[in-house]
Amino acid sequence: MVAVNEILLILCIISTLSAVSIRFYVRVITERRFELIEYALIWALVLQITLAALQLRILKLLPTVQIESHMIEMQKLFFAGTFFYIGSLWGVKISINMLLIRLTRRFQRLHTLAVITLYSLFGSWFFIYLTYLIACWPVHRRWSLVPSQQCGPIIHAWDFWTHLCIHLITDIILCILPFPTLLKVTETRLRIAVCGVYSLAVIAIIVSLVRVVLLATDVQNSIKRIMVLTTIELTVCIIIGVIPGISSAFTRKYAQAGSSTKKLSSAGRVKSVGNDSQAFSRLKENQGFHSKSRGDAGDIELSES
């Protein structure tokens, strides 16, 4: 019999697979846009599906965890699953960051921050992978059942808090970046759409925090809930990355919102300068007329005398 947790995992995979497929059809097949953003989302989807397969296997092993071989296999699956989780999550973050680089290109400071964030994402991704791989060396100590060979508590604390801080900081930055541009948007429907899309990130952060609390307080009794929350978090993140690219009009309007504001202000300045120039020209003409009048009057006086 299929359990509720397994059904939830399968539903999440179906949701992300459908969303990415629709975007791939619209962007790649229909519009012929072969961009890195699309491949980053496909990468995230593939890793999420792989992670879900590992989680389904773990759910099968949980009832027989007392068997030593099953316990070791489950620990190995958890270790591998962390790589797939981080890879999928960072794939989504990078795709969203690439979109933000495009949307902020008319705002120099925001664009620079978006580019710096992209490099930071690649750097933090490499850092997490490297430290998680070599922090407890040799790697088999992570699933060893012999207490003297297991990783120390400080290693688990390092993995937990370091990865959590990096994850939350990058999430917050990616949530903040779109909204300065949003202040330049005047169309109400577009404002609502942008707020709706990126406010989904709040849901992902809340799910992530709940998952962290369970990991920190009651991991032994919450394994099933933690795995489901992990998949829900990835599903929400991938959907956030997918939605803006489905509508090309959405992306164009959002990207051009700031430029239209700048054009209006520039037009205003040009018009103001033009009016000032015309006024200055009229003033010079008036001064020339008065000078000429005074000169004519002097000539008349001289002729009379």
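Residues numbered from 1 in each chain as written. Predicted model: local features only at pLDDT ≥ 70, side-chain atom pairs only at ≥ 80, totals over all residues. Heavy atoms only, no water.

### A closer look at the packing of helix 1 (residues 4-30) against helix 2 (residues 36-61)
Packed helices, taken two at a time, are described by the angle their axes make and the gap between the axes.
Now for step 1: Orientation of helix 1 relative to helix 2, taken along the N-to-C sense of each, is 165°, at an axis distance of 10 Å. Judged on the interaxial angle alone, helix 2 and helix 1 are roughly antiparallel. Judged by the twist between their axes, the crossing of helix 1 over helix 2 is left-handed. Taking contact as the criterion, the partners of Asn5, Glu6, Leu9, Ile13, Thr16, Leu17, Val20, Arg23, Phe24, Arg27 and Val28 in helix 1 are, on helix 2, Ile37, Glu38, Leu41, Ile42, Leu45, Gln48, Ile49, Ala52, Gln55, Leu56, Leu59 and Lys60.
Now for step 2: Of the residues contributing to the contact of helix 1 with helix 2, the split by class is 14 nonpolar, four polar and five charged. (Axes fitted to C-alpha atoms, helices over the stretch in contact; angles between N-to-C directions. Helix = DSSP H or I, 4+ residues; strand = E, 2+ residues; numbered from the N terminus. Parallel < 35°, antiparallel > 145°, perpendicular 65-115°, else oblique. Left-handed = near helix turned anticlockwise from the far one by under 90°. Contact = heavy atoms within 4.5 Å. Nonpolar A, V, L, I, M, F, W, Y, C, P; charged D, E, K, R; others polar.)

### Notes on the nonpolar core
Now for step 1: Within the largest apolar cluster, 45 residues are counted, with the highest numbers of intra-cluster contacts made by Trp90 and Tyr198.
Now for step 2: The set of elements that each furnish at least two residues to this core consists of helix 1, helix 2, helix 3 (68-103), helix 4 (108-134), helix 5 (153-176), helix 7 (188-217) and helix 8 (223-246).
Now for step 3: Counting residues per element, this core draws most heavily on helix 3, which supplies twelve residues.
Now for step 4: If we ignore the near neighbours within four places in the chain, the residues touching tyrosine 198 are Ile96, Leu99, Leu100, Leu103, Pro178, Phe179 and Pro244.
Now for step 5: Of all hydrophobic cores here, the second largest spans ten residues; its members include Leu59, Leu61, Met74 and Met227. (Core = buried A, V, L, I, M, F, W, Y, C linked by side-chain atoms within 4.5 Å. Buried < 20%, exposed > 50% of the residue type's maximum accessible area, 1.4 Å probe, protein only.)

### Looking at the packing of aromatic side chains
Now for step 1: The tally for this structure, following the rule as stated, stands at nine aromatic pairs.
Now for step 2: Ring geometry for phenylalanine 79 against tyrosine 132: centres 5.1 Å apart, planes inclined by 20°, an arrangement best described as stacked. Within this pair, whereas phenylalanine 79 is found in helix 3, its partner tyrosine 132 is found in helix 4, the two being separated by 53 residues in sequence. In this pair, the class of phenylalanine 79 matches that of tyrosine 132, namely buried.
Now for step 3: Between the aromatic rings of phenylalanine 79 and tryptophan 143, the centroid separation amounts to 5.7 Å while the plane-to-plane angle is 65°, which identifies the pairing as edge-to-face. Taken together, the positions of phenylalanine 79 in helix 3 and tryptophan 143 in the loop between helix 4 and helix 5 put the pair 64 residues apart, joining distant regions of the chain. (Phe/Tyr/Trp six-rings, centres within 6.5 Å; stacked < 30°, edge-to-face > 60°.)

### Re the confidence of the model for the protein
Now for step 1: Here the protein averages 80 in pLDDT, and 75% of its residues register 70 or above.
Now for step 2: Note on residues 260-274: pLDDT under 50 across the span, and three contacts to partners over four residues away in sequence or across chains.
Now for step 3: Taken as a whole, residues 289-305 scores under 50 in pLDDT and shows zero contacts with residues more than four places along the chain or in a different chain. (pLDDT = per-residue confidence, 0-100.)

### Thoughts on the environment of isoleucine 14
Now for step 1: By the secondary structure assignment, isoleucine 14 is in helix 1.
Now for step 2: Look at isoleucine 14 and you get partly exposed, because its relative accessible area is 47%.

### Some points on the pattern of salt bridges
Now for step 1: Evaluated as defined, the whole model comprises eleven salt bridges.
Now for step 2: Across the pair glutamate 35 and arginine 27 runs a salt bridge, and its minimum N-O distance is 3.3 Å.
Now for step 3: The exposure class of arginine 27 is buried, given its relative accessible area of 3%.
Now for step 4: Two residues, glutamate 38 and arginine 27, come together in a salt bridge whose shortest N-O distance is 3.3 Å. Pair noted here: glutamate 38 is in helix 2 and arginine 27 is in helix 1, with a separation of eleven residues, a long-range link.
Now for step 5: A single network of salt bridges, built from pairs that share partners, joins Arg23, Arg27, Glu31, Arg33, Glu35, Glu38 and Arg102. (Salt bridge = Lys/Arg side-chain N within 4 Å of Asp/Glu carboxyl O.)

### A closer look at the packing of helix 4 against helix 5
Now for step 1: Where helix 4 contacts helix 5, the axes come no closer than 11 Å and their chain directions differ by 165°. As judged from the angle between their axes, helix 4 and helix 5 are roughly antiparallel. Here helix 4 runs over helix 5; the crossing is left-handed. In this structure, helix 4 uses Thr117, Leu121, Ser124, Phe127, Ile128, Thr131 and Tyr132 to contact helix 5, whose residues at the interface are Trp158, Asp159, Thr162, His163, Ile166, Thr170, Ile173 and Leu174.

### Overview of the side chain of threonine 16
Now for step 1: Of note, threonine 16 is situated in helix 1.
Now for step 2: For threonine 16, a relative accessible area of 0% translates into the label buried.
Now for step 3: A distance of 3.0 Å separates a polar side-chain atom of threonine 16 from the backbone oxygen of isoleucine 13.
Now for step 4: Discounting chain neighbours no more than four positions away, the residues touching threonine 16 are Leu45, Gln48, Thr235 and Ile238. (Polar contact = N/O pair within 3.5 Å; in protein donor to acceptor, adjacent residues only side chain to side chain.)

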